[in-house]
Amino acid sequence: MSSGVQPREVSRKEGGTQLCAAAVEVDEALARMDRQVDWLTRLTPVNIDEIREEFFASGFRHMPDSTYGEGLVDDAPGLRKTLFDLPVRNIENPLVEALLLEKQRELDRQIELVRMRDCDGFIMASIDLFGHVDEQLLDTAETVLARVPVVERDKSDVDADYFIDAANHAVDGFKKRYPSFRCEVIKDDTPGTALYTSMGNFHVAFDYRTARARVDPLIQHEVGTHVVTRHNGRCQPLHTLAGGLADYDELQEGIAVLAEYLSGYLPAPRLRVLAGRVIAAHMAVARASGSEIYARLVEECDLMPEMAFDTALRAKRGGGLTKDALYLKGLAELLAYLRHDGDFEILFLGKFALKQLPILKDLLEDGIVMPPRVLPNYLQDDGARQRLDRVRTLTIEQLFQEKPEA
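The structure reproduced in this document is the subject of the present report. (Residues numbered from 1 in each chain as written. Predicted model: local features only at pLDDT ≥ 70, side-chain atom pairs only at ≥ 80, totals over all residues. Heavy atoms only, no water.)

## Looking at the overall build of the protein chain
Now for step 1: Looking only at helices and strands, the protein chain features 17 helices and 5 strands.
Now for step 2: Computed over the C-alpha atoms, the radius of gyration of the protein chain is 21 Å, within 12% of the 22 Å expected from 2.2 N^0.38 for a compact globule of 406 residues.
Now for step 3: Dimensions of the protein chain, computed from C-alpha atoms along their principal axes, come out at roughly 60 × 50 × 40 Å.
Now for step 4: A burial count over the protein chain gives 56% of its 406 residues as buried.
Now for step 5: About 17,400 Å² of surface is accessible on the protein chain, with carbon and sulfur atoms providing 48% of the total. (Helix = DSSP H or I, 4+ residues; strand = E, 2+ residues; numbered from the N terminus. Rg over C-alpha atoms; globule rule 2.2 N^0.38 Å. Buried < 20%, exposed > 50% of the residue type's maximum accessible area, 1.4 Å probe, protein only. Areas by Shrake-Rupley, 256 points an atom, 1.4 Å probe, with all protein chains shown as cover.)

Pasting the structure below:
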C-alpha cells in the first residue's frame with residue numbers, strides 16, 4: 001500500500017546509481033517522521049531545577065516526579081498508520097530495503113516509547129529500543145569504577161557565554177569551508193539541561209559551566225560528531241543517514257566520547273560517569289528510586305553530588321530509560337572495532353550502527369552511499385592522529401588523560 005506521500009522526484013541519482021521511486025518515497029518519509037517523533041525532547045524534563053532544589057532540600061531522600069512537554073498519545077495511531085503504509089517492500093535494492101525496513105521498525109518502537117512515558121510499560125519499551133544492561137556491560141562498568149582513579153574534577157572556570165562563543169567559532173569554521181553546513185548554537189533557558197544536540201542544533205544551558213580545558217573536547221563531542229555526521233547524512237542519497245539508521249545511538253556516543261580523548265582531554269571523572277550511567281540504568285530497570293540510585297552513585301561510585309543527581313535523573317526519565325548505558329557500551333565496541341584495524345573515517349558518513357557497516361560498504365561500492373564530505377577538525381591534527389594509533393592498543397579503563405594533551 002502507498003502512504004500517499006508524494007516524493008519530490010521519481011528517482012534520486014548519485015554517482016551514476018539510481019534509487020527507485022519507492023526508496024526515495026520511503027527514505028524521505030522516514031526522515032520526516034524521525035524529526036516529528038523527536039523522542040529525546042519529549043523525554044527531557046522541563047522542571048529539572050525544581051527537582052534538584054526539592055531533592056537537595058529533602059536531604060537526598062525524595063526525588064520529585066519529572067514533568068514533560070508534549071507527548072504522542074493522540075498522534076500515535078495516525079503516525080503508526082502512516083509509518084506502516086509506506087511501500088518499503090516495493091524497494092528494488094534489497095540492501096536499501098533492509099536498512100529502511102529496520103528503520104521503520106525502530107520508529108515504531110520510538111513512538112511506543114514516548115506513548116508509554118510514565119506508564120508501567122515504559123521500561124519494557126526502553127529495553128526493546130535500547131537494550132538492557134547485560135552482565136558483560138555491567139562487568140565493564142564495574143571494572144572502570146574499580147580501576148580508573150578517583151580524582152578531583154577540574155574546577156568550572158568558564159560560563160555558558162564563553163562556551164557558546166567557542167562553539168560558534170567552531171561552527172563558523174565549518175560553514176566557511178562547507179557553505180551548506182547547518183548548525184545553530186542555542187542558549188537553552190531550561191535550567192540544568194547542560195549540553196545536547198537536537199535536530200542538528202547544539203543546545204547549551206544558560207547556567208552551564210565547565211573547565212576551560214574541557215571546552216574543545218566537548219565541542220568535538222557534540223559538533224565534531226553529532227552535527228558533522230548529520231551534515232554528512234544530509235549529503236547522502238539516503239537521507240535517513242542524517243537522522244540515523246536503526247540503533248545508531250551506540251556508535252554515535254562511542255565516537256563522541258572517543259572524540260574527547262582524541263582532541264586532547266578525556267579526564268578520569270568523565271569515564272567514571274559513563275560507568276555510573278550503566279549502574280544507574282541497571283538500577284532503574286530494577287525500579288530503584290531516584291534517591292536510591294543517587295545514594296549508590298555517591299557512596300559506591302564516588303561521583304560528585306551534582307553529577308550523581310544528573311545521572312540518576314537521566315536514568316529515571318519516563319519511568320526508567322536504558323539509553324545512557326549505550327555510552328560505555330558504544331565506546332567498548334568502538335575500541336574493539338579499532339583494535340581490529342577498523343577504518344575510523346568511514347564512521348562519519350552518517351549516523352548508523354556498526355552492524356550496518358558491511359551493507360554500507362557495499363552501497364559505497366555501488367555509488368548509492370558516498371564517502372563522508374566533512375571530517376572533524378581534530379583529524380587534521382598530528383597529535384590526534386597519534387592518539388588514534390594509541391587507542392588501538394588500549395583497554396577501556398585506560399582511556400583517560402590525567403591532564404590535557406597539547
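## Re the packing of aromatic side chains
Now for step 1: Tallied over the entire structure, the rule returns 13 aromatic pairs.
Now for step 2: For the ring pair Phe55 and Phe60, a centre distance of 5.8 Å and an interplane angle of 65 degrees mean the geometry is edge-to-face.
Now for step 3: In textbook terms, an aromatic cluster arises when at least three aromatic residues are bridged by ring pairs, as seen for Phe55, Phe56, Phe60, Tyr294 and Phe309.
Now for step 4: Note that Arg277 overlies the ring of Tyr327, its terminal NZ or CZ placed 4.6 Å from the centroid. (Phe/Tyr/Trp six-rings, centres within 6.5 Å; stacked < 30°, edge-to-face > 60°. Lys NZ or Arg CZ within 6 Å of the ring centre and 35° of its normal.)

## Observations regarding the side chain of Ser291
Now for step 1: Locating Ser291 in the fold gives a position in helix H13 (residues 290–299).
Now for step 2: A distance of 3.0 Å separates polar atoms of two side chains, one belonging to Ser291 and the other to Ser289.
Now for step 3: Other than its neighbours up to four places away in sequence, Ser291 contacts Phe55, Phe60, Arg61, His62 and Met63. (Polar contact = N/O pair within 3.5 Å; in protein donor to acceptor, adjacent residues only side chain to side chain. Contact = heavy atoms within 4.5 Å.)

## Focus on helix H7 (residues 135–147)
Now for step 1: Between the first and last C-alpha of H7 there are 18 Å, a value that for 13 residues agrees with the 18 Å anticipated at 1.5 Å per step.
Now for step 2: Considered for burial, the residues of H7 that qualify are Leu137, Leu138, Thr140, Ala141, Val144 and Leu145. All buried residues of H7 fall inside an arc of 155 degrees around its axis, so they share one side. Of the exposed residues in H7, those oriented more than 90 degrees away from the buried face are Glu135, Gln136, Ala146 and Arg147. (Expected span 1.5 Å × (residues − 1). Arc of directions from axis to C-beta.)

## Quick word on the sheet that holds strand E3 (residues 185–188)
Within a sheet, each strand pairs with its neighbour through backbone hydrogen bonds, oriented either parallel or antiparallel.
Now for step 1: The strand order E3-E5-E4 describes an open sheet built from 3 strands, whose pairing is mixed. The strands lining the two open edges of the sheet, one partner per strand, are E3 and strand E4 (195–198). Neighbour-to-neighbour, the strand axes of this sheet turn through a mean angle of 30 degrees, independent of strand direction.
Now for step 2: Lying over the sheet, helix H9 (residues 215–234) contacts E4 and strand E5 (201–205), oriented at roughly 10 degrees with respect to E4. (Pairing = 2+ DSSP bridges. Axes fitted to C-alpha atoms, helices over the stretch in contact; angles between N-to-C directions.)

## Describing the pairing of E5
Now for step 1: Taken across its 5 residues, E5 has 4 buried, putting it largely inside the fold.
Now for step 2: Bridging between E3 and E5 involves 4 bridges; their strand directions are parallel. By the bridge assignment, Asp188 is partnered in E5 with Ala205.
Now for step 3: As paired strands, E4 and E5 are joined by 4 bridges and run antiparallel to one another. From the neighbouring strand, Leu195 faces E5, where its bridge partner is Val204.
Now for step 4: In textbook terms, the turn of a hairpin is the stretch between consecutive antiparallel strands, and for E4 and E5 this stretch comprises 2 residues, one of which, Met199, has a positive phi near 55 degrees.

## Concerning the packing of helix H12 (residues 268–285) against helix H15 (residues 326–339)
Now for step 1: Running from N to C, H12 and H15 point in directions that differ by 115 degrees, and their axes come no closer than 7 Å. The segment H12 lies against H15, with Leu271, Leu274, Ala275, Arg277 and Val278 engaging Tyr327, Leu328 and Leu331.

## Description of the pattern of salt bridges
Now for step 1: Counted under the stated rule, the structure contains 27 salt bridges.
Now for step 2: Arg80 is the partner of Glu112 in a salt bridge, and the nearest nitrogen-oxygen pair spans 2.7 Å. Of the two residues, Glu112 sits in helix H5 (residues 94–115) while Arg80 sits in helix H4 (residues 76–84), which places them 32 residues apart along the sequence.
Now for step 3: A relative accessible area of 23% means that Glu112 is categorised as partly exposed.
Now for step 4: Owing to a relative accessible area of 22%, Arg80 belongs among the partly exposed residues under this scheme.
Now for step 5: Close ionic contact of Lys155 with Glu152 constitutes a salt bridge, the shortest N to O distance being 3.4 Å. (Salt bridge = Lys/Arg side-chain N within 4 Å of Asp/Glu carboxyl O.)

## Quick look at unusual backbone geometry
Now for step 1: Non-glycine residue Asp38 carries a positive phi angle of around 40 degrees.
Now for step 2: Here Asp38 shows up in the loop between helix H1 (21–37) and helix H2 (39–42).
Now for step 3: Despite not being glycine, Met199 shows a phi value in the positive range, around 55 degrees.
Now for step 4: Note that Met199 resides in the loop between E4 and E5.

## Examining the nonpolar core
Now for step 1: Counting 130 residues, the largest nonpolar core has Leu258, Phe344 and Leu347 as its most contacted members.
Now for step 2: Considering every element that reaches this core, the biggest residue donor is H12, with 11 residues. (Core = buried A, V, L, I, M, F, W, Y, C linked by side-chain atoms within 4.5 Å.)

By themselves, these figures tell us nothing about what the structure is for.
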